[in-house]
Structure formats: structure tokens, C-alpha cells
Amino acid sequence: MSSASAKVILFGEHAVVYGQPAIAVPVSSMRAYAEVVNEGCDFQIVARDLDDKIITFDGDDPLAQVTRLTLKVIGKAIPRIKVAVRSDIPIASGLGSGAAISTAIIRCLLDYFAIQVDNEVVNEIVYEVEKIHHGTPSGIDNTVIVYEQAVYFVREKPIEMIRIARPLRLIVADTGQAALTKIAVGDVRRLYESRPQAIRPVIEKIGEISYVARQAMQSGDVNQLGALMLENHQLLRELTVSSEQLDSLVDIAIDAGALGAKLSGGGRGGNMIALVDSERSEAVQSALKNAGAVRVFETIVEASS
Ligand code: PMV
């Protein structure tokens, strides 16, 4: 059984598109899985979460595309197998479901052929598939998922992993409002082009926050991290990617005792995250649920060994 984790972005979303650093962490408890369930048959993928929908090799489905790309990279013919995929990761919610499923399928194929490749190669394949479906993604999603480690990501720069001194307890809450990252990214682009003098400093300030946040993660200063999250959220508001509900969930988390909170990912809807200590976790989760968040869960980013 091959698998890959979900992810959340902690700092730097949107600014990362313009070359600023961003930080993302894996959510290892939430995963996508791929497994060979039959051999000696025409190649097909069966999507367990979609009523066992069958995906054939030649189709337009992203899962067929990831298969074709993987076989091309490893120089193998179409295998006579049936691959079953399933995922605990809610789709289209900024938790990286698509990239995680792609990663699980690539690993399943590599396992089947008993081929070992570096994560760098897996990452390139997933990024290619992300580009087909999301236009011009920065690459942070596929990177954090493939490496399954906290990453300090700068576009087109070597990937840096972050040493985490103290575990980080995060609450992830979904507004329940569907929002397309692609549209938010396009709107920020137009805003930037229409008012570069005003918007460039906002984007650069977000980059500085990611830089300082990495140091705070490495020294275990959770109070500083919380403050940086709030500051980052304010700047994302200036980029017009927050929403009334995201702002309200951020305020509610803080009132319930979170150390910090912000929207996470594309914004306009989707998820927000709150940093909590163990004593306040339950209270923050209940407050977010009472305020109408549709899916609320805790995830712990473990300290580096
Ligand atoms: O919506 P998500 O969680 O996939 O995050 C998108 C992050 C952006 O910075 C807004 C876009 C990108 O490609 O990095």
C-alpha cells in the first residue's frame, strides 16, 4: 500500500507565487492511498471514494495523466494491473488532496516495478500534473506532500526543510465555502498589476514573516509564531483573499485562547488554521464548530528528531 499525506500552508501563501518564501507542513494523519488489487488485466484505476469509478489508461482524468507521465519518466510499458485509490483528504479544500492522490499513485507504480527514484523525481511528476489542473501553481503543495516534512519553500530555489524545536498543535477549520484558488490567485495578480506600489510591499512583508517564522519554529517560540500568523492574516486581507467568515473564525479562535490564527491556502473560503496549546485546544475547536465551521480537526506537527 502506497500513501501520501495532506498538507496545510502555515505562512506565505499568495506571496510565494511572486518568489517570496512560504512555509507548509504535512498533515500525516490524513492520507491518500493507492494499491495494486488485481494483476493480469487491462490497466485501470478504481476510485473507491467515487463509487468505484473506473479510470482507464487513455482518459483525461488526472489520475490517468499521472500514470502516463510516470511510465514515460521510468520508461515502462503499460502494466497489466488494477490500482485502487482512496483518500481521507477532503477534496477541493486546500488540503492538497489532488497532489496526495497523484503522489500515492506514482509510488504505487514505482513499487510495482520495484524502481527506486529520488523524491525530487516524484515531485517533478506531481508538479507537472498540478500544472495541468491549476494553471501556474508555485509548487509548494506538491513539495510538502512528496517530502512529507515542514518545508521552507521559495519558487525555483532548492528545497529547505525546517527543523522544528517544539511540536506545533494546529486546529484546521473549514468555512464550508468552496473557493477556487485559481480565481484568488488571478485576482491578486490583477491587484498587483493595477497598484504595484501599494501591493509589492504587502507581498514582501509576507515574505519577511515567513523568514522570521522559520526561525521561531526552529527555536520553538510558539507565542511569536502565533503573533506572526495574525500579522500574516492581516496582510492577506489587504490582498483581498480573506472573507467575512474567515475573519470571523480567526477572531473566534483568538477569543477562545488560540495563540494565533489565519486563513490557509487560496482563501476567500476554504480553511483557516489556529495555533493552540494543549489546554486550549478543545475550547478553540468547540468555538469554531459553534461558529459554523463544517470540519474542525487537530493536527500536530511533530518536533524534528
Ligand atoms: O489553496 P491551496 O492550499 O492549494 O494553496 C494555494 C497557495 C497559493 O499560494 C495561493 C497558490 C500557489 O500556487 O502557491
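Please refer to the structure higher up on the page.
Cut-offs used in this document
Residues numbered from 1 in each chain as written. Predicted model: local features only at pLDDT ≥ 70, side-chain atom pairs only at ≥ 80, totals over all residues. Heavy atoms only, no water. Helix = DSSP H or I, 4+ residues; strand = E, 2+ residues; numbered from the N terminus. Rg over C-alpha atoms; globule rule 2.2 N^0.38 Å. Buried < 20%, exposed > 50% of the residue type's maximum accessible area, 1.4 Å probe, protein only. Contact = heavy atoms within 4.5 Å. Areas by Shrake-Rupley, 256 points an atom, 1.4 Å probe, with all protein chains shown as cover. Lys, Arg positive; Asp, Glu negative; His and termini not counted. Charge placed at Lys NZ, Arg CZ, Asp CG, Glu CD. Phe/Tyr/Trp six-rings, centres within 6.5 Å; stacked < 30°, edge-to-face > 60°. Lys NZ or Arg CZ within 6 Å of the ring centre and 35° of its normal. Pairing = 2+ DSSP bridges. Expected span 1.5 Å × (residues − 1). Salt bridge = Lys/Arg side-chain N within 4 Å of Asp/Glu carboxyl O.

### Some thoughts on the overall build of the protein chain
Logical step 1: Helix and strand content of the protein chain: nine helices and eleven strands.
Logical step 2: Rg of the C-alpha trace for the protein chain: 19 Å, near the compact-globule value of 19 Å for 305 residues, within the 12% margin.
Logical step 3: Overall size of the protein chain, expressed as C-alpha extent along the three principal axes, is 60 × 40 × 35 Å.
Logical step 4: Here the protein chain holds 305 residues, and 53% of them are scored as buried.
Logical step 5: Sequence separation of at least 24 residues holds for 72% of the intrachain contacts in the protein chain that already meet a minimum separation of 6.
Logical step 6: Total accessible area on the protein chain stands at roughly 13400 Å², and carbon and sulfur atoms take up 48% of it.
Logical step 7: The distance from the centre of the 30 positive side-chain charges to the centre of the 38 negative ones in the protein chain is 3 Å.

### Comments concerning the packing of aromatic side chains
Logical step 1: Throughout the structure, instances matching the rule amount to three aromatic pairs.
Logical step 2: Ring centres of F43 and F57 lie 5.9 Å apart, and the angle between their planes is 90°; on these two criteria the pair is classed as edge-to-face. Here F43, found in the loop between β2 (22–39) and β3 (44–47), pairs with F57, found in the loop between β4 (53–56) and α1 (62–74); they are 14 residues apart in sequence, far enough to count as distant. The exposure classification of F43 matches that of F57, with both residues buried.
Logical step 3: Against the face of Y33 rests R86, its NZ or CZ located 4.3 Å from the ring centre.
Logical step 4: Directly above the ring of Y152 sits R214, whose terminal nitrogen or CZ lies 3.7 Å from the centroid.

### Notes on the pairing of β2
Logical step 1: Of the pairings in the sheet, the one linking strand β1 (residues 2–11) to β2 comprises nine bridges and is antiparallel in character. Looking across to β2, one finds that F11 is bridged to I23.
Logical step 2: Note: β2 against strand β6 (residues 151–153), three bridges, orientation antiparallel. Looking at β6, one finds that A22 is bridged to F153.
Logical step 3: The pairing of β2 with strand β5 (residues 81–87) spans seven bridges and is classified as antiparallel. Paired with N38 across the strands is K82, a residue of β5.

### Observations concerning helix α6 (residues 196–219)
Logical step 1: The end-to-end C-alpha distance of α6, which contains 24 residues, comes to 35 Å, matching closely the 34 Å that a straight helix rising 1.5 Å per residue would cover.
Logical step 2: Residues of α6 that are buried include every one of I199, V202, I203, I206, G207, I209, S210, A213, R214, A216 and M217, and no others.
Logical step 3: Residue G220 follows α6 closely and has a positive phi angle near 80°.

### Some remarks on the pattern of salt bridges
Logical step 1: Taken as a whole and judged by the stated rule, the model has 15 salt bridges.
Logical step 2: A salt bridge links D61 to K53; the shortest N-O distance between them is 3.4 Å.
Logical step 3: A salt bridge links D187 to R190; the nearest nitrogen and oxygen atoms lie 2.8 Å apart. Of this pair, D187 and R190 are both found in helix α5 (residues 181–194), three residues apart, which corresponds to roughly one turn of the helix.
Logical step 4: Bridged by salt links that share partners, the residues D187, R190 and R268 form one connected network.

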